[in-house]
Every structure is written in structure tokens, then in C-alpha cells.
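Chain by chain, the residues:
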Amino acid sequence: MIEAVGLTKRYGDKTAVYNLSFQVRPGAVTGFLGPNGSGKSTTMRMILGLDNPTAGHVTIGGYPYRRLPNAPRQVGALLDAKAVHGGRSARNHLLSLAQLSGIPARRVDEVLGVVGLQDVAGRRSKGFSLGMGQRLGIAAALLGDPQVLLFDEPVNGLDPEGILWVRNLMKSLAAEGRTVFVSSHLMSEMALTADHLIVIGRGQLLSDMSVKDFISANSADFARVRTPDTEPQLREKLTSALTEAGGQVLPEQDGALRVTGLPLPRISDIAHDSGVRLWELSPHQASLEEAYMRMTQGAVDYRSVADQKAGLQQPLPPGAQPPMPVPGQGQPGWYAPPPPQQGGQPFPAPQGTPGPYGAPAAPGGQPSPNPYAQPAPQGGAPGGPAAEPPAQPAQPPAQPAAAPAAPATAPATNPTKSEDAR
Ligand SMILES: Nc1ncnc2c1ncn2[C@@H]1O[C@H](COP(=O)(O)OP(=O)(O)OP(=O)(O)O)[C@@H](O)[C@H]1O
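Residues numbered from 1 in each chain as written. Predicted model: local features only at pLDDT ≥ 70, side-chain atom pairs only at ≥ 80, totals over all residues. Heavy atoms only, no water.

Going by an unreviewed UniProt entry, the protein carries the name ATP-binding cassette domain-containing protein and comes from Streptomyces griseicoloratus. Annotation of the protein in UniProt includes, under Sequence similarities (unreviewed entry), the sentence "Belongs to the ABC transporter superfamily." (UniProt positions renumbered as here; feature names shortened; annotations may be inferred.)

Below is the structure:
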């Protein structure tokens, strides 16, 4: 088990991690989430003894990493896949790690097979693609057949087949009773891989709960309602009736309606009483991505703004259509319903006419100027957990510790084969 207690890290006047306490238990995949710069890598480095905490402590199996007996055989980690000697072949890179940790050389070929790099084992890693580098980093983490594994963005650069492989690998490692701690920005992947989530924002703990509880706690259930595409007036009629009954209605991009605040039977009755036929009425729960966006929106440091293009773009000729938006990419106001406990509207009722492509219109009926842009900062997550930036006391930064030996391994009794290796 990994246990952090009051973990704090300051770099000069920058507080990267503040008073972080959590446990990562064996037998489960624990996802580590947070916006860019929220302190995930810093936390992982402190777990591995690569950085000294300014305050607090973190242990693995009850010991700080640097006092852990035979640490490279107990803990494996992928922090930075590029941190390899590019002039060495993949096999030689792993052999040198194995030798440092007293791991038999035959284990190298085992892990090369597990990650699917056996055919390129003799090639210098500087010629590797991003995904191949990730596989090599995962091989290094598995080398000592460790009970505790940390992966920082392990699917970065992997193709869909590789992502599926990593997902299955994480799950099977956890199923063997190991502690698996993995950071990722890919919410859809985390939803499929992780059992438990630790979410941080600006270095502070925002959430520590199961994936299921996280989604329930940070999203409102909703109903999806579809009226006949051939009769758009029915959609308008139903929207009015549902709104009048106290529901909140948001048009979805494909023409359906997303309704909150009314139970399904009531929606059905209202549609019936209004003489509106339904083609769909289904219950839904928001995705992990939506729940995450709502949870962290007040703790995001880096946001894009609409590209004004400095007048470089030619205006569209009359009658021409703007490009279709990419589903799931930053529809302003699409994510993040306000919390139900505040009595706020989980999804704002559309104002004015629908925006382009059926997306919600900007207030006043004006289409949103850039459907690809992320929403502008709203001044904090409404009702979300405290996401204030931590105080920045003027304390001298802690001295960085010397890097410990690269985490490594022992002979694997049950290596999980990659799909490449089969
Ligand atoms: N060695 C350092 N010196 C000064 N500041 C640092 C150092 N390492 C990290 N930071 C700062 O600490 C904060 C947390 O960084 P960290 O890399 O831990 O975030 P992260 O959550 O891993 O980000 P990302 O998701 O982008 O990888 C950032 O503001 C970063 O600039």
C-alpha cells in the first residue's frame, strides 16, 4: 500500500503539492487525475524518493522508498519514457537496469515479450516512436515483478491496440493483488481501467473515491428524449412543456433533448399530455469525463481561448456552412452541470434559438463564435470542493534528492502477455 500523509512540496514560492493525504490499496487500479500542473508527477516523484517532501511523508508498505528493503524489486515505475540512454538498444537498456538490481538476464527477454518489443530489442531506443518508448518504459517497470507499480501517463502515444493492452495489463496486475497507481488525462480510458480515483487540483486533494461514486457525486443523472426528426415542432412543444413542469432541457448535438429535474415516468406523461410522440426516452448517467470536468473546472491553470486569427481568415461566402464540431471537444457549457445540492440547474435551459449544428445557443440567440474553444474561466467550480490555490509561504525549497536506482524487478512467474507478443 502507498500512503501519503500531509504531503507538501514547494519549489521556491511555488507550492506544487499541498497537504495531500491518501492511500493507494493493493488489488485495485487507482487512477490519479488532475489538470496540467496540478502536482501528479511531483507526487509520484516523492513516492519514489526522487524528490523530498517539504512537509509530510509518503510510504510504500510502511517505509519511505529510500528505506524500503530491496526497493527496485518491490516497486516498478514508469515516470518519463524518454529518460533512457538513446544510444543503447532496448535489450541493453533493460539489461543494465536488471544488473543494477540483481535481476537475472533472462527476465529481460520475458518483459520484452510482455510489451511486444522482442522484434526490435536490438534497435537503439533513440529511433523508437513515442509508443515504442512507452512500451520500453513499461517493460522497465515490470522488470522486477514488483508488487507496487506506478505509471505516469502510460498510454501516452500508444495506438488503440496498445491502449487496450495497457488497460488489460493494469487490470491483470491489480487482479494479482498488486498496487497499481496510474495517472492519465484520458478520462474514457480511466473509466474503463480504474476502480478507484484520486483527483487533485492545484496540488490539493479534490476527491478520493470509487469511479462509480465519483461519477454519481459529480454529475446529475439525466434523461435522453427524442421526438420524431420529421416534426421539429414537436421538439419545441415538448421543450416548452418540460420546462414549464420544472425540468431543465438542453438540446444535444444529434437533435435529442437532455432532460434533468424530472423522472422518466413524468417526462412520458408530459409528452403524452402534450400530444408529442417519442422516439426515445432513456435514462443516462454522465460520463467520467463530464464528472471530472465539473470537479476540476475551478482548478484548471491552463485554458485555451478562441483563436481570433488576427483577421487572417477569409469570411465564409454567403450560404457556406462552417465545419462540423468534433463531438466531445469543448462545447461551451456542455460539461459541468452545477451541483444538485445547490438547487442550481444541472443543465442550463437553452436561451434563444439553438446554436449552430444543434449545439446550445449562446445567450441572446447568437451562435457561439467558436464551437471548438473551451469555456472561459468562470471563477471557480460552482459548489465543487475547495479549489483555492494553496497559500504560498515563503519557505526555502527542499533540496532535491539524488535519484534512486531505477525501479526494477525479479523473475516473473506470471507475466501478462501483450497482444503484440501473441
Ligand atoms: N523542479 C521544479 N521546479 C519548479 N517548479 C516545478 C518543478 N517541478 C514541478 N514544478 C511545478 O509544480 C507544479 C506541478 O507540476 P507537476 O509536473 O507535478 O504537475 P502534473 O500534474 O504532473 O502536470 P501534467 O499533467 O501537465 O504532467 C507545476 O506548476 C510545475 O511547474
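So much for the structure itself; the text now carries on.
On to the overall build of the protein, then. Scanning the protein from N- to C-terminus turns up eleven helices and 13 strands. Across the 422 residues of the protein, 48% fall into the buried class. Put simply, of all contacts in the protein between residues at least 6 apart along the chain, 74% involve residues at least 24 apart. When the accessible surface of the protein is split by element, carbon and sulfur atoms take 54% of a total near 19,600 Å². (Helix = DSSP H or I, 4+ residues; strand = E, 2+ residues; numbered from the N terminus. Buried < 20%, exposed > 50% of the residue type's maximum accessible area, 1.4 Å probe, protein only. Contact = heavy atoms within 4.5 Å. Areas by Shrake-Rupley, 256 points an atom, 1.4 Å probe, with all protein chains shown as cover.)

Glancing now at the site of the ligand. Taken together, 13 residues lie near the ligand, and Gly 37, Lys 40, Ser 41, Thr 42 and His 185 sit nearest. Between an oxygen atom of the ligand and a side-chain N or O atom of His 185, the distance comes to 2.9 Å. Against a free-state accessible area of 640 Å², the protein chains account for coverage of 63% of the ligand. Mapped by element, the contributors of at least two residues to the shell around the ligand are β2 (14-24) and α1 (40-47). No other element matches the four residues that α1 contributes to the shell around the ligand. When grouped by side-chain class, the residues that make up the shell around the ligand number three nonpolar, seven polar and three charged. (Near = heavy atom within 4 Å. Polar contact = N/O pair within 3.5 Å; in protein donor to acceptor, adjacent residues only side chain to side chain. Nonpolar A, V, L, I, M, F, W, Y, C, P; charged D, E, K, R; others polar.)

Below, the discussion takes up helix α10 (residues 264-273). All of the buried residues along α10 are Ile 267, Ile 270 and Ala 271. For α10, the angular spread of buried residues about the axis comes to 100°, placing them on one side. Structural note: α10 exposes Pro 265, His 272 and Asp 273 on the side pointing more than 90 degrees away from its buried face. Buried residues along α10 sit against β10 (222-226), α9 (232-244), β12 (257-260) and β13 (280-284). Phi turns positive, to about 70°, at Gly 275, one or two residues after α10. (Arc of directions from axis to C-beta.)

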